[in-house]
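# Remarks on the overall topology
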Amino acid sequence: MGVDGEVVHSLVAARGQALKRYAFLLCGDDDRADDLVQEALVRTLARRHPREVAELEAYVRRVIVNLVIDESRRAGRWARLRPMLRTRQASFDEEGPESRVSARLWTRELLSRLPPGQRACLVLYYLEDLPIAEIANVLGCGQGSVKSQMSAARAALRRMSTSEDTTNTEEEDHELEPR
């Protein structure tokens, strides 16, 4: 059973603005603060938690903090991967929708050149934010295999992103084959 809807309604009515201010202080964005509060309330409704408004508020605040921390970790991982996905020919500034679309297409192109196992490891690690042990569990292999697949994928992305041309050569195709 989830939390009583009346308790959540009371919490939002009495402390909703305080929760939003709290979220805003953590993320610095008004719209994102709304989203964080909403996500925290949804997650709270899905589980069994205290029936008192004060205890429920403390739980919702903790969920908001966890959401912000998780986003920060995910953004940090992408920040480390993003430079590997760029080339001298395709340097995308962060301005405008056209460059964001171009960057996404370029990222897809580079990822599509990777073998499925390497691509899966990168996506599960950087996009889904899964730890190595869980990736190994999902893919049905050992943690060492996941680490070696990720290392090979990062090396391949580095090679591809620093090469002058963006087309696969026979040598690159051979380097990207699964081992």
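Anyway, here's the lowdown on the structure attached to this text. The structure presented is a predicted model; accordingly, all values stated were derived computationally and were not measured.

### Some thoughts on the packing of aromatic side chains
Evaluated as defined, the whole model comprises one aromatic pair. Centroid distance Tyr125 to Tyr126: 5.0 Å. Interplanar angle 90°. Geometry classified as edge-to-face. Note that Arg61 overlies the ring of Tyr22, its terminal NZ or CZ placed 4.5 Å from the centroid.

### Description of the side chain of Glu57
Its place among the elements puts Glu57 in helix 3 (residues 53–81). With relative accessibility at 11%, the residue Glu57 sits in the buried group. Setting aside residues up to four positions removed in sequence, Glu57 forms contacts with Leu11, Arg15 and Leu19.

### Here's the deal with the state of the cysteines
Here, disulfide denotes a covalent bond that connects the sulfur atoms of two cysteines. Applying the stated criterion across every chain, the model contains zero disulfides. Looking at Cys141, it has no disulfide partner, and the nearest cysteine sulfur is the one in Cys121, 6.0 Å off.

### Here's the deal with the packing of helix 5 (residues 116–127) against helix 6 (residues 132–139)
Running from N to C, helix 5 and helix 6 cross one another at 135°; their axes reach a closest spacing of 10 Å. When the axis of helix 5 is compared with that of helix 6, the two are oblique. Read as a crossing pair, helix 5 and helix 6 show a hand that is right-handed. Of the residues in helix 6, those in contact with Ala120, Cys121, Leu124 and Tyr125 of helix 5 are Ile132, Ile135, Val138 and Leu139. Within the contact of helix 5 with helix 6, the residues separate by chemical class into eight nonpolar, no polar and no charged.

### Description of helix 2 (residues 30–45)
For helix 2, spanning 16 residues, the distance from its first C-alpha to its last is 23 Å, which sits close to the expected 22 Å at 1.5 Å a residue. When helix 2 is considered as a whole, its buried residues turn out to be Ala33, Leu36, Val37, Ala40, Leu41 and Thr44. Along helix 2, the residues classed as buried sweep out an arc of 130° about the axis, all on the same side. With respect to the buried face of helix 2, the exposed residues turned more than 90 degrees away are Asp31 and Gln38. With a side-chain oxygen positioned 3.3 Å from the backbone nitrogen of Asp31, the residue opening helix 2 is Asp29.

### Overview of the nonpolar core
In terms of nonpolar packing, the biggest core is built from 19 residues, with Leu114, Leu122, Ile135, Val146 and Met150 touching the most fellow members. If you list the elements that add at least two residues to this core, you get helix 4 (96–113), helix 5, helix 6 and helix 7 (143–162). With six residues, the top contributor of residues to this core is helix 7. Those residues within four positions of Met150 in sequence are excluded, and the remaining contacts are Cys121, Tyr125, Tyr126 and Ile132. The next biggest cluster of nonpolar side chains, apart from the first, holds 16 residues, and it includes Val7, Ala23, Leu41 and Leu67.

Analysis parameters
The residue numbering used here restarts from 1 in each chain and proceeds along that chain's sequence as written. With pLDDT at 70 or above as the cut-off, local features in this predicted model cover only qualifying residues; side-chain atom pairs require 80 or more to be listed or tallied, and sums for whole chains, interfaces and linings still use all residues. Side-chain metrics in this entry use all non-hydrogen atoms of the structure; hydrogen atoms and water are not considered. Here a pair means two rings of Phe, Tyr or Trp (six-membered ring of Trp) with centres within 6.5 Å. Their orientation is stacked below 30 degrees between planes, edge-to-face above 60, and tilted elsewhere. Here, a charge over a ring means that NZ of Lys or CZ of Arg falls within 6 Å of the ring centre while also lying within 35 degrees of the ring normal. Counting from the N terminus, the helices are DSSP H or I runs at least four residues long and the strands are E runs at least two residues long. Residue exposure (1.4 Å probe, protein chains only): buried if accessible area is under 20% of the type maximum, exposed if over 50%, otherwise partly exposed. Residue contacts are counted whenever heavy atoms from the two residues lie within 4.5 Å of one another. For the purposes of this analysis, a disulfide is any pair of cysteine sulfur atoms at a distance within 2.5 Å. Helix axes use the C-alpha atoms of the stretch in contact, all axes being lines fitted to C-alpha atoms, and the angles between their N-to-C directions lie in the range 0 to 180 degrees. Here the angle decides the label: under 35 degrees means roughly parallel, over 145 means roughly antiparallel, 65 to 115 means roughly perpendicular, and every other value means oblique. Crossings are sorted by hand: turned counterclockwise from the far helix by less than a right angle, the near helix makes the crossing left-handed, and turned clockwise it makes it right-handed. Residues are grouped as follows: Ala, Val, Leu, Ile, Met, Phe, Trp, Tyr, Cys and Pro are nonpolar; Asp, Glu, Lys and Arg are charged; all remaining types, including Gly, are polar. Helix span is expected to be 1.5 Å times the residue number reduced by one. What the arc describes is the spread of directions from the helix axis to the C-beta atoms. Two N or O atoms form a polar contact when they lie within 3.5 Å of each other; inside protein one atom must be a possible hydrogen donor and the other a possible acceptor, and for residues adjacent in sequence the pair counts only when both atoms belong to side chains. Residue types Ala, Val, Leu, Ile, Met, Phe, Trp, Tyr and Cys, when buried and joined through side-chain atoms within 4.5 Å, form a set referred to as a nonpolar core.

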